[in-house]
Protein chains: 2
Amino acid sequence: MATNERQKAAMENLTSIVGNIYDQLDAGNVPVMELPLRSKKNIEFNVQHNVWTYGDLRTMRTSKTVQGAQMMLRTVYTADFINEMIRDNKSSTLREMYYISEGWERAKFNSQDESNLLAEDLEIVSKCMREDFKLRPEESGAHIYGNLDISTQTKKGMKKFNCMDDVAETGFAVPYNVEKENFEIADTDAKFVMAIETGGMFARLIENGFPEKYGAILVHLSGQPARSTRRFIKRLNEEKRLPVTVFTDGDPWSFRIFASVAYGAIKTAHISEYLATPTAQFIGITASDILNYELPTDKLSDKDLGALNAELTDPRFKDGFWVGEIQAMLEMKKKSEQQALAKYGLDFVTDTYLPEKLGDMGVL
Amino acid sequence: MATNERQKAAMENLTSIVGNIYDQLDAGNVPVMELPLRSKKNIEFNVQHNVWTYGDLRTMRTSKTVQGAQMMLRTVYTADFINEMIRDNKSSTLREMYYISEGWERAKFNSQDESNLLAEDLEIVSKCMREDFKLRPEESGAHIYGNLDISTQTKKGMKKFNCMDDVAETGFAVPYNVEKENFEIADTDAKFVMAIETGGMFARLIENGFPEKYGAILVHLSGQPARSTRRFIKRLNEEKRLPVTVFTDGDPWSFRIFASVAYGAIKTAHISEYLATPTAQFIGITASDILNYELPTDKLSDKDLGALNAELTDPRFKDGFWVGEIQAMLEMKKKSEQQALAKYGLDFVTDTYLPEKLGDMGVL
């Protein structure tokens, strides 16, 4: 696969960042680099786009201290390593990049947190994405199932797959880079997207023939969704104009999974506009579902209660629906799992629960 | 997909177990059921087959107590549920089966541990496998990559895939049931199998073209390997006569991953002869590798030290190689990861480390 436009832009932008450090040194100055402050203090909920983004607070990284100079050196080494990968048509896990730095002597990272953070800093400064740097996470885990043609990079070049006909029961595994250059999405007659938290429920809907019957594209989130999973959902929503629904367990952590799909996460606030799908709708399990369907429950732990209370002050959950749901769950002190619907048999979720909920939401 | 011979046998065997309970009741007796004792006490290392199996200790499950009677009732309900699934061509996650029991009134399971254990008990008594009961785990996660044709069940019947040409960069996802009836493995000109612990290393070997160059079939273990992953490896070894190698991190937990591939695990001791590949060879990371290749390391934690000491009394690690490796690691008090090889660049593992080690082992 040849170097694409996005990767060329990444190379150029990284080179100009390094060039800027060089010029400062050349002019006899101590080099500095400006970045948005990347802490909770500087996270703003962008009401216009309905996503989290960084605010106006900036931090200056200077080489006046040993630590600062070391960070600058790491920046240069990392930019060089990324350029080399793009040129050689290689990629690297974030973990490998951390170990690669073992050979950088004084620029060596002390932990993978440091190298991960620097990769994100470079995204912010270069306005490129980590995927264009050829950096990828250990594994993504997400799978798709539905009547959708996609083309993706294989060892033998771009290849087309239908995510229903050309896959086994486990679905199609989403690669780490789902930008257009690596991953084309064809037009589809599917009606909507359903992102699903657990592998068990994803398999249930496939076995029950739900995608065929209702024109759904299923996306298995596999816990907190990877960047590529969120980006893929966003592209289906934006380019194919498909409504997005999210079906999770009914507990505070699952509410956060929804929020990260819909509004973005703090760690990736600089690319929320690429990753978040603000029109995504939450199907359940809601606190009201637990009552209405008399679902089997577990008691909320102290950690669960703490998470729910924190959500009450989280701007992502500020609307009436969420405030109501969170308060109802705090009152009943109970949570439930999406697979608990099996209480009524293996078909209940596809014959009754989902058609009812999707009908109420106006998706079906 | 129609009911296959194995599933028919499962139905018959389960029906006869329930019939046996019925006959005892009919004769006016309190029904009993005999099982091997399923605790560490009754695990033996079968020197002939080189795998873990249950010993001769037996336990009698009787309905004389309320708890015992309840277990018998659950056995009947579970057998009925499994029969129904096979008849209706359905399957269920272990979690769903636990929730299904919500409708069984007094036979309801109190936890998923109970329902998982009963499924295993039924395997032992019926001499069938859980997969033939149409029970599956939440997710398996394992992927294959290599020049191998397999045929597997899809929604449109059996379909053939080449695990190199017909897959994206993530490889082919192993389904939960890899018995012949669901999963055919064609003859292959591959030379050996390499089971790999981490997704990062699996992706590295694919990107570097290792499977093509050396005729390797890669299997991503994804931590402690699922039953289907171990069964698939066993079938490649037994039916296709391929040597099996295991490439993991260098720490006590990874040694156990190797042992579970090679010798079996305590939980599945009743089916070790289906799952374990006693001729599997450990590539590394070994304690000697850490020294020889001067790999980046982390200090062993107290838990790591405890695990290593426990391994010294584990019959699976009784041979000279393992005793030496465990003692060397205890002495240096350090562990290392397979991705630490990236210290020498992204190609070191495929250009140097693996050819050297596989050459020494006589695989290449």
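Caption draft 1: Layout of the interface of chain A and chain B. Taken together, the 55 residues of chain A in the interface contact 55 residues of chain B. When chain A packs against chain B, the two sides together hide about 4400 Å² of surface, and 48% of this comes from carbon and sulfur. As a salt-bridge pair, Arg204 of chain B and Glu96 of chain A come within 2.7 Å of each other at their nearest N and O atoms. Counting across the interface, chain A meets chain B through 24 residue pairs in polar contact (both at pLDDT 80 or more). Of all elements in the fold, only helix H2 (66-88), strand S5 (92-93), helix H3 (94-100), strand S7 (143-145), strand S8 (149-154), strand S9 (157-162), strand S10 (172-173) and helix H5 (199-207) of chain A reach the threshold of two or more residues within the side of chain A that touches chain B. In terms of residue count, H5 of chain A provides more of the side of chain A that touches chain B than any other element does, six residues in total. Of the residues contributing to the side of chain A that touches chain B, the split by class is 19 nonpolar, 17 polar and 19 charged.

Caption draft 2: Focus on the packing of aromatic side chains. Residues and elements named next belong to chain A. In this structure the tally under the stated criterion is 42 aromatic pairs over all chains. Aromatic side chains Phe161 and Phe172 sit 5.0 Å apart centroid to centroid with 50° between the ring planes, which places their arrangement in the tilted category. Separated by 11 residues along the polypeptide, Phe161 in strand S9 and Phe172 in strand S10 bring together distant segments of the chain. Accessibility expressed as a relative area gives 4% for Phe161, which makes it buried.

Caption draft 3: Spatial organisation of the side chain of Thr245 of chain B. Residues and elements named next belong to chain B. The topology assignment puts Thr245 in strand S14 (residues 244-247). We classify Thr245 as buried; its relative accessible area is 0%. With sequence-adjacent residues up to four places away left out, Thr245 is seen in contact with Phe192, Val193, Met194, Ala195, Gln281, Ile283, Leu358, Met361 and Val363.

Caption draft 4: Region of the structure containing the relation of the copies chain A and chain B. By a simple turn and slide, chain A fits onto chain B: the slide is 0.0 Å along the axis, the RMSD is 0.0 Å, and the turn is 180°. As the rotation angle and translation indicate, the two copies are arranged about a two-fold axis. Take the interface residues of chain A: 100% of them recur as interface residues in chain B, which is what a same-surface contact looks like.

Caption draft 5: Molecular detail of helix H13 (residues 348-360) of chain A. Residues and elements named next belong to chain A. Here H13 spans 17 Å end to end across 13 residues, near enough to the 18 Å set by a 1.5 Å rise per residue. Along its length, H13 reaches its greatest deviation from straightness, about 35°, at Leu354, and the proline Pro355 lies no more than four positions downstream. What H13 keeps buried is the set Phe348, Val349, Thr350, Tyr353, Leu354, Pro355, Lys357 and Leu358. Along its buried surface, H13 packs onto strand S12 (192-196), H5, helix H6 (210-214), strand S14 (244-247), strand S15 (281-284) and helix H10 (287-292). Downstream of H13 by a residue or two, Gly362 has a phi angle that is positive, lying close to 80°.

Caption draft 6: Structural context of the packing of helix H8 (residues 252-262) of chain B against helix H11 (residues 302-312) of chain B. Residue and element names in this part refer to chain B. Interhelical geometry of H8 versus H11 gives an angle of 40° and a closest axis separation of 9 Å. With respect to each other, H8 and H11 are oriented oblique. Contacts from Pro252, Trp253, Phe255 and Arg256 of H8 reach H11 at Lys303, Asp304, Ala307, Leu308, Ala310 and Glu311.

Caption draft 7: Here's a closer look at the pattern of salt bridges. Taken as a whole and assessed by the stated rule, the structure comprises 57 salt bridges over all chains. When the shortest N-O distance is used, the salt bridge between Glu34 of chain A and Arg58 of chain A registers 2.9 Å. Of the two residues, Glu34 of chain A is situated in strand S1 (residues 32-36) and Arg58 of chain A in strand S4 (residues 58-62); the sequence distance between them amounts to 24 residues. Its relative accessible area of 41% is what places Glu34 of chain A among the partly exposed residues. Judged by its relative accessible area of 46%, Arg58 of chain A is partly exposed. For Asp347 of chain B, the salt bridge is made with Lys90 of chain A, and the minimal N-O distance between the two is 2.6 Å. With Asp347 of chain B in the loop between strand S17 (334-335) and helix H13 (348-360) and Lys90 of chain A in the loop between H2 and S5, the pair connects residues from two separate chains. Taking relative accessible area as the criterion, Asp347 of chain B reaches 32% and is therefore assigned partly exposed. Through salt bridges with shared partners, a single network forms among Arg38, Arg61, Glu120, Asp121 and Lys267 of chain A.

Caption draft 8: Layout of the sheet that holds S9 of chain A. All names here are of chain A. If you walk across this open sheet you meet the three strands as S9-S8-S11, and the pairing is antiparallel. Single-partner strands in this sheet number two, and they are S9 and strand S11 (183-185). The sheet shows a mean angle of 20° between the axes of neighbouring strands, taken without regard to direction. With three bridges joining them, S8 and S11 adopt antiparallel strand pairing. The partner of Ile150 across the bridge, within S11, is Ile185.

Caption draft 9: Region of the structure containing the nonpolar core. Ranked by size, the top nonpolar core spans 77 residues in total, and within it Met194, Phe210, Phe247, Tyr353 and Leu354 of chain A carry the most contacts. A per-element tally of this core places helix H8 (residues 252-262) of chain A first, with six residues. No fewer than three residues from each of domain 1 (5-136) and domain 2 (143-361) of chain A sit in this core. Ignoring anything within four residues of it in the chain, the contact list for Met194 of chain A reads Leu205, Phe210, Ile217, Leu218, Val219, Thr245, Phe247, Ile283, Leu354 and Leu358 of chain A. Core analysis: the next-biggest nonpolar cluster, separate from the first, contains 76 residues, Ala142, Ala269, Ala287 and Trp322 of chain B among them.

Caption draft 10: Broad picture of the packing of H11 of chain B against helix H12 (residues 320-332) of chain B. Residues and elements named next belong to chain B. Where H11 meets H12, the closest approach of the two axes is 10 Å, and the angle between their N-to-C directions is 150°. As judged from the angle between their axes, H11 and H12 are roughly antiparallel. In this structure, the crossing between H11 and H12 has a hand that is left-handed. Where H11 approaches H12, its residues Leu305, Leu308, Asn309, Glu311 and Leu312 are matched on the opposing element by Ile326, Gln327, Met329 and Leu330. Taken together, the residues of the contact of H11 with H12 break down into six nonpolar, two polar and one charged.

Conventions adopted
Residues numbered from 1 in each chain as written. Chains lettered and ligands numbered in written order. Predicted model: local features only at pLDDT ≥ 70, side-chain atom pairs only at ≥ 80, totals over all residues. Heavy atoms only, no water. Contact = heavy atoms within 4.5 Å. Buried area = accessible area lost by both parts, 1.4 Å probe. Salt bridge = Lys/Arg side-chain N within 4 Å of Asp/Glu carboxyl O. Polar contact = N/O pair within 3.5 Å; in protein donor to acceptor, adjacent residues only side chain to side chain. Helix = DSSP H or I, 4+ residues; strand = E, 2+ residues; numbered from the N terminus. Nonpolar A, V, L, I, M, F, W, Y, C, P; charged D, E, K, R; others polar. Phe/Tyr/Trp six-rings, centres within 6.5 Å; stacked < 30°, edge-to-face > 60°. Buried < 20%, exposed > 50% of the residue type's maximum accessible area, 1.4 Å probe, protein only. Least-squares fit on C-alpha atoms with pLDDT ≥ 70 in both. Expected span 1.5 Å × (residues − 1). Bend = angle between axes of the 7 residues up to and from the residue. Axes fitted to C-alpha atoms, helices over the stretch in contact; angles between N-to-C directions. Parallel < 35°, antiparallel > 145°, perpendicular 65-115°, else oblique. Pairing = 2+ DSSP bridges. Core = buried A, V, L, I, M, F, W, Y, C linked by side-chain atoms within 4.5 Å. Domains from an automatic or database assignment. Left-handed = near helix turned anticlockwise from the far one by under 90°.

Don't take any of this as a statement about function, it's just geometry.
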